[in-house]
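Here are the chains, one letter per residue:
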Amino acid sequence: MIFVIRTRRRRHHRPSSDAPREIVLLSPVILTVLITGLAFATPREIAFSRLLPAAPALAAAVWPVLPTIALGAFCLLSMIGLSLVYSDLGTPYTAAAIVAVTLAAAYASHLRLQREETLFQVRLVADAAQQVLLRPLPHRVQGLDVESLYLAAQEQARIGGDFYEVADTPYGVRLLIGDVRGKGLPAVGAAAAVINCFRENAYDQPDLRGVIHRLETSIGRYSVATLDPDQPEHFATALIAEIPSGGGHVKILNCGHPPPLVMRNGEIRVLEPTVPSPPLNLAMLLGDDYNVDTVAFASGDQMLLYTDGVTETRDRAGTFFPLPEWMRQLGPATPRELLYRLHRDLLRYSGGRLDDDIAAVAVRCRRPGTPESSA
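Residues numbered from 1 in each chain as written. Predicted model: local features only at pLDDT ≥ 70, side-chain atom pairs only at ≥ 80, totals over all residues. Heavy atoms only, no water.

(A) Fine view of the overall build of the chain. Assigned secondary structure in the chain consists of 11 helices and 11 strands. Relative to all contacts within the chain whose residues are 6 or more apart in sequence, the contacts with residues 24 or more apart total 70%. (Helix = DSSP H or I, 4+ residues; strand = E, 2+ residues; numbered from the N terminus. Contact = heavy atoms within 4.5 Å.)

In structure tokens, the structure reads:
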């Protein structure tokens, strides 16, 4: 999975990334020392001491309860010490304000910690759900190198409507990638229904059309069983590719999905379907005539499967990401390097803001004798 690469690269920058966090954690102390020092060093008419209640209020945002109370007690003692030097600072009022703000800050810190714990548990559940829905793909299946990438449009999101899967079946390696139309939990549920159906039927159906018919039935049943007034029906684009043992060619059944790209000897080919096939759960409207294309896929060739979030990524001028040209300029690269650079360049192209979820799978037909370290 591509997130492993991202994690490893971040380790080299850990000291610089931790410095701002340390400053944030120490900010209540810095603020307290600054206010206390100004209160002692400036004329009493300025009365910087009245700002001392701000320190425990700031601590509530970053500290636990007991340190917040301890800081409030220190501010109170500092105010008492100032009153011994300057007797006309309005010490009773400022001291009362420090006590009141400290108590309120301690309660706010308690609530914040509770919410952070709840959010942490929710993220654990979301991560577990993602491992089930988008489990890590094997890096090598038969003679193929495989890598995957998933990026959520929302920064805190873990799962979405984009999906992919790889199955090592008796008929060859079968790959699935797709995109459920819609957002939120209904889209995730529909994606799970399609993936689970593929995992079960990819091993049993000798023909790709049989697999698609099962996926069509699965998402149709899910759409009927799910009562969602905002989205009464679900449909999804999907693409299934089948690469037999030893390679040589690939069979592709494209149901309204963006066409994959194949790189061969530096040349890029867009694999548009010869006859369009309907998206999943639209066969009743558009017909269930599914077309399978067969194209060459020899040793050293590489194929990129992706969702429309890749090609619909826009720059500030509103121009779509030029995927074929980008891949042509990239040149030869391993699947892992290809997806790492795609991730980096998509974020750079969009200015760090993605409008849609992104999923991609890169597959390379390994050359005979290629060492494992170059995968």
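And the narrative resumes.
(B) View of the environment of G309. Within the element layout of this structure, G309 appears in helix α9 (residues 308-311). Separated by 51 residues in sequence, G309 and P258 place their C-alpha atoms 9.9 Å apart.

(C) A look at the sheet that holds strand β4 (residues 172-180). The strand order across the open sheet formed by 5 strands is β3-β4-β5-β6-β9, and the pairing between neighbours is antiparallel. Edge positions in the sheet fall to β3 (162-169) and β9 (292-297), since each of these pairs with one other strand and no more. Shown here is a sheet whose adjacent strand axes are inclined to one another by a mean of 20°, direction ignored. Alignment of β3 against β4, held across 8 bridges, turns out to be antiparallel. Looking at the pairing, D162 lines up with D179 of β4. The sheet contacts of helix α7 (residues 208-225) involve β4, β5 (236-243), β6 (248-255) and β9, and relative to β5 the element is tilted by about 155°. (Pairing = 2+ DSSP bridges. Axes fitted to C-alpha atoms, helices over the stretch in contact; angles between N-to-C directions.)

(D) Region of the structure containing unusual backbone geometry. Of note in the backbone geometry, Q142 takes a positive phi value of approximately 50° without being a glycine. Residue placement: Q142 occurs in the loop between β1 (140-141) and β2 (144-151). We note that N265 has phi near 55°; this positive angle belongs to a residue other than glycine.

(E) Quick look at the pattern of salt bridges. Tallied over the full model, the rule gives 14 salt bridges. Here E165 and R199 are joined by a salt bridge, their closest N and O atoms 2.5 Å apart. Placement of the pair is E165 in strand β3 and R199 in helix α6 (residues 184-201), with a sequence separation of 34 residues. Each member of the pair E165 and R199 is classed as buried. For R344, the salt bridge is made with D345, and the minimal N-O distance between the two is 3.1 Å. In this structure, a network of salt bridges that share partners links the residues R135, E165 and R199. (Salt bridge = Lys/Arg side-chain N within 4 Å of Asp/Glu carboxyl O. Buried < 20%, exposed > 50% of the residue type's maximum accessible area, 1.4 Å probe, protein only.)

(F) Just a nonpolar patch on the surface, in detail. Side chains of L26, V29, I30 and V33 sit close together on the surface and give an oily, nonpolar patch of about 350 Å² of accessible area. Inspection of the secondary structure puts I30 in helix α2 (residues 14-41). (Patch = residues over 30% accessible without salt bridge, like charges linked within 9 Å, V, L, I, M, F, W, Y side chains within 5 Å. Areas by Shrake-Rupley, 256 points an atom, 1.4 Å probe, with all protein chains shown as cover.)

(G) Geometry of the nonpolar core. Judged by nonpolar contacts, the single largest core of 57 residues is most densely connected at L175, L215 and M303. Top contributing element to this core by residue count: α6, with 9 residues. (Core = buried A, V, L, I, M, F, W, Y, C linked by side-chain atoms within 4.5 Å.)

(H) View of the pairing of strand β8 (residues 267-270). As defined by bridge partners, strand β7 (residues 261-264) adjoins β8 across 4 bridges and the pair is classed as antiparallel. Within the sheet, the bridge partner assigned to M263 lies in β8 and is I268. Counting the residues between successive antiparallel strands, the hairpin from β7 to β8 contains 2 residues, one of them, N265, with a positive phi of roughly 55°.

(I) Spotlight on helix α10 (residues 323-330). L323, W326, M327 and L330 are the residues of α10 that are buried. Mapping the buried residues of α10 onto a view down its axis gives an arc of 95°, with all of them on the same face. Its buried side turned inward, α10 meets β7, β8, β10 (302-306), α9 and α11 (335-349). Taken from the residues just after α10, G331 is the one with a positive phi, measuring 80°. (Arc of directions from axis to C-beta.)

(J) Examining the packing of α10 against α11 more closely. Remark: α10 packs on α11, axes separated minimally by 12 Å, with the N-to-C direction vectors making an angle of 130°. With respect to α11, the element α10 is oriented oblique. Classified by chirality, the crossing of α11 by α10 is right-handed. Of α11, the residues touching α10 (which contributes L323, W326, M327 and L330) are L338, R341, L342 and D345. Residues of the contact of α10 with α11, tallied by class, amount to 6 nonpolar, no polar and 2 charged. (Parallel < 35°, antiparallel > 145°, perpendicular 65-115°, else oblique. Left-handed = near helix turned anticlockwise from the far one by under 90°. Nonpolar A, V, L, I, M, F, W, Y, C, P; charged D, E, K, R; others polar.)

That is the geometry; function is a separate question.
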